[in-house]
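Architecture and fold: a report
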Amino acid sequence: SQKIEQNSEALNIQEGKTATLTCNYTNYSPAYLQWYRQDPGRGPVFLLLIRENEKEKRKERLKVTFDTTLKQSLFHITASQPADSATYLCALDMDSSYKLIFGSGTRLLVRP
Amino acid sequence: DTGVSQDPRHKITKRGQNVTFRCDPISEHNRLYWYRQTLGQGPEFLTYFQNEAQLEKSRLLSDRFSAERPKGSFSTLEIQRTEQGDSAMYLCASSLDDSPLHFGNGTRLTVT
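Remember, predicted model here, so these are calculated numbers, not experimental data. (Residues numbered from 1 in each chain as written. Chains lettered and ligands numbered in written order. Predicted model: local features only at pLDDT ≥ 70, side-chain atom pairs only at ≥ 80, totals over all residues. Heavy atoms only, no water.)

This part covers the overall build of chain A. Looking only at helices and strands, chain A features zero helices and 11 strands. Counting from the amino terminus, chain A carries its helices and strands in the arrangement β-β-β-β-β-β-β-β-β-β-β. In summary, chain A has a C-alpha radius of gyration of 13 Å against a globular reference of 13 Å for 112 residues, a match within 12%. Summarising its shape, the C-alpha atoms of chain A cover approximately 40 × 30 × 20 Å along the three principal directions. When contacts within chain A are restricted to residue pairs at least 6 apart in sequence, those whose partners lie at least 24 apart make up 54%. Element-wise, carbon and sulfur atoms account for 45% of the exposed surface of chain A, whose accessible area totals about 5700 Å². The average position of the 15 basic charges and that of the 12 acidic charges among the side chains of chain A differ by 2 Å. (Helix = DSSP H or I, 4+ residues; strand = E, 2+ residues; numbered from the N terminus. Rg over C-alpha atoms; globule rule 2.2 N^0.38 Å. Contact = heavy atoms within 4.5 Å. Areas by Shrake-Rupley, 256 points an atom, 1.4 Å probe, with all protein chains shown as cover. Lys, Arg positive; Asp, Glu negative; His and termini not counted. Charge placed at Lys NZ, Arg CZ, Asp CG, Glu CD.)

Let us look at the state of the cysteines. Linking two cysteines covalently via their sulfur atoms produces the bond known as a disulfide. Tallied over the full model, the rule gives two disulfides over all chains. Disulfide partner of A:Cys23: A:Cys90, at an S-S distance of 2.0 Å. Measuring the twist about the S-S bond at about 65°, one finds the A:Cys23-A:Cys90 disulfide to be right-handed. A residue pair is termed long-range when its members are at least 10 positions apart, and A:Cys23 in strand E3 (residues 19–26) and A:Cys90 in strand E9 (residues 86–93) qualify at 67 residues. On the basis of relative accessibility, which here comes to 0%, the residue A:Cys90 falls in the buried class. The disulfide partner of B:Cys23 is B:Cys92, and the S-S distance across this bridge is 1.9 Å. On the S-S bond that ties B:Cys23 to B:Cys92, the torsion sits near -70°, and the link is left-handed. Linking B:Cys23 in strand E3 (residues 19–24) with B:Cys92 in strand E9 (residues 88–95), this pair joins segments that are 69 residues apart in sequence. (Disulfide = S-S within 2.5 Å. Buried < 20%, exposed > 50% of the residue type's maximum accessible area, 1.4 Å probe, protein only.)

Counting residues at the interface gives 16 residues for chain A and 19 residues for chain B. Of the roughly 1500 Å² buried at the junction of chain A and chain B (both faces included), carbon and sulfur atoms supply 54%. Linking chain A with chain B are one salt bridge. A:Lys99 is paired through a salt bridge with B:Glu56; the nearest N and O atoms lie 2.5 Å apart. Going through the elements one at a time, strand E4 (32–38) and strand E10 (100–102) of chain A are the ones with two or more residues in the side of chain A that touches chain B. At three residues, the largest contribution of residues to the side of chain A that touches chain B is made by E4(A). Of the residues that constitute the side of chain A that touches chain B, the class distribution is seven nonpolar, seven polar and two charged. (Buried area = accessible area lost by both parts, 1.4 Å probe. Salt bridge = Lys/Arg side-chain N within 4 Å of Asp/Glu carboxyl O. Nonpolar A, V, L, I, M, F, W, Y, C, P; charged D, E, K, R; others polar.)

Here we come to the sheet that holds strand E8 (residues 72–77) of chain A. Residues and elements named next belong to chain A. Spatially, the five strands line up as an open sheet ordered E1-E3-E8-E7-E6, and their pairing is antiparallel. Pairing within the sheet leaves two strands with one partner each, and these edge strands are strand E1 (3–6) and strand E6 (56–59). Going from strand to strand, the sheet's axes swing by 15° on average, the running direction of each strand aside. Across six bridges, the pairing between E3 and E8 is antiparallel. Directly across from Thr22, in E8, lies its bridge partner Leu74. (Pairing = 2+ DSSP bridges. Axes fitted to C-alpha atoms, helices over the stretch in contact; angles between N-to-C directions.)

Here is the structure:
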């Protein structure tokens, strides 16, 4: 069956450390993978998109990797801050450009 | 760019009643999407418009659900004869062609 999995338990880290979130998928072949941030009571906010032929993408303190052999994406936040505390969602795009398939998200808590 | 606007933010209704939600996308965006999100889960695709044409509907969208986007501007999502299982956050998003989605902050529906 098709699955997309993110750590269901919250990730609790100390300010200044690097947060690493995982997105694994089964029986999908996405053309793109996207990461979104969602705060309580708010809609998701787009962060980064990585294509299937890209291994790594960076934007400021954020880094995403995409391994189509392992069927896994890793999302890193370096020098984490309490303001980074939120739920982070990964989403697969099968090149339909409109129907994203979201994981259930991982909650990140950054302690001051 | 005032962002995607959704109205109302919250709606409490009794089972069997009809409800209608409105979404105003970013003005220059030609694509509009509806997603549904339940607690602890990621958003699930419901339907998608390219301008005024509704191009795809998920099988999650039963006969009781209908969406419109007259004149390719704002969109409405109506749920008839609401059931308790319809309780969720209904998210609207828009994009310009294949660009990443911009989500609104959703309408939280509670069916009692």
